[in-house]
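Residue strings, one per chain:
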Amino acid sequence: MDLKSHIRGIPDFPKPGILFYDISPLLAHPQAWRHAVETMAASVKEWQPDILVGIESRGFLAAAPLAYVLDCGFVMCRKRGKLPGETIGHLYELEYGSDAIEIQADAIKPGQRVVVVDDLLATGGTMAAAIQLLRRVGADVRGAACFIELTFLGGRDKIDAPVTSLMQYDS
Ligand SMILES: O=P(O)(O)OC[C@H]1O[C@H](OP(=O)(O)OP(=O)(O)O)[C@H](O)[C@@H]1O
Ligand SMILES: Nc1ncnc2[nH]cnc12
């Protein structure tokens, strides 16, 4: 199946000069989305995860069905200030300025096998930050999975774990 035919490129969003890869048509097409999830599940299964961690917000859409198919737990990695109770955060640098992501302090038990899931890998800053945070709480990070990889941005080089992606774009 041609999954790329279900990805829409929207120029100049959210800023001039950025081509935004929109997964909405893929999510809206049940056969294509099922195919994407099942193909990704087969790759992620090799890492034998206990837990899938989804990165807010589009990463939740990607990680939740995978966790269901693979019979894994699902943990939310959210932007700062969104999770209740005790949290552990990690500050990371963006192209301009900085941001922070958090997980709940008791979300991961030391030694649990974790795969981090997002819809898209661009510069890799978000995924790298999530992995650093998960390692701080003792996770055994087995890999990183994304549906779309913007290979021209070299994000994979920032990820200190195996990376799998379903669709690659070189421009
Ligand atoms: O590899 P990077 O350069 O770090 O970029 C990738 C991140 O950017 C997007 O999320 P965004 O921050 O736009 O949030 P959203 O999922 O809530 O739309 C995407 O879902 C990834 O999480
Ligand atoms: N070009 C892009 N399209 C969609 N999501 C993104 N996140 C970071 N860069 C992106």
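Residues numbered from 1 in each chain as written. Chains lettered and ligands numbered in written order. Predicted model: local features only at pLDDT ≥ 70, side-chain atom pairs only at ≥ 80, totals over all residues. Heavy atoms only, no water.

## Notes on the pairing of strand S9 (residues 163-169)
On any regular strand, side chains alternate: one points to one face of the sheet, the next to the other face.
Working step 1: With 5 of its 7 residues buried, S9 lies for the most part within the structure.
Working step 2: The pairing of strand S8 (residues 140-150) with S9 spans 6 bridges and is parallel. Along S9, the bridge assignment pairs glutamate 149 with glutamine 168. (Buried < 20%, exposed > 50% of the residue type's maximum accessible area, 1.4 Å probe, protein only. Helix = DSSP H or I, 4+ residues; strand = E, 2+ residues; numbered from the N terminus. Pairing = 2+ DSSP bridges.)

## Thoughts on the site of ligand 2
Working step 1: Close to ligand 2 lie Leu19, Phe20, Tyr21, Arg58, Leu120, Ala122 and Leu150.
Working step 2: At 2.9 Å from a nitrogen atom of ligand 2 is found a main-chain nitrogen or oxygen belonging to tyrosine 21.
Working step 3: In this structure, a nitrogen atom belonging to ligand 2 sits 3.1 Å away from a side-chain N or O atom of arginine 58.
Working step 4: Its free accessible area being 260 Å², ligand 2 has 74% of it covered by the protein chains.
Working step 5: With 3 residues, strand S2 (residues 19-22) is the largest single contributor of residues to the shell around ligand 2.
Working step 6: Classifying every residue of the shell around ligand 2 by side-chain character gives 6 nonpolar, no polar and 1 charged. (Near = heavy atom within 4 Å. Polar contact = N/O pair within 3.5 Å; in protein donor to acceptor, adjacent residues only side chain to side chain. Areas by Shrake-Rupley, 256 points an atom, 1.4 Å probe, with all protein chains shown as cover. Nonpolar A, V, L, I, M, F, W, Y, C, P; charged D, E, K, R; others polar.)

## Concerning the sheet that holds strand S4 (residues 73-79)
Working step 1: Taken in spatial order, the 7 strands make up an open sheet running S5-S6-S4-S3-S7-S8-S9, and their pairing is mixed. On the outer flanks of this sheet lie strand S5 (87-93) and S9, each paired with one strand and no other. Averaged over all neighbouring strand pairs, the angle between strand axes comes to 20°, with direction disregarded.
Working step 2: The sheet strands contacting helix H2 (residues 30-45) are strand S3 (51-55), strand S7 (113-121), S8 and S9, and the helix crosses S8 at an angle near 145°.
Working step 3: The sheet strands contacting helix H4 (residues 125-136) are S3, S4, S5, strand S6 (98-104), S7 and S8, and the helix crosses S5 at an angle near 145°. (Axes fitted to C-alpha atoms, helices over the stretch in contact; angles between N-to-C directions. Contact = heavy atoms within 4.5 Å.)

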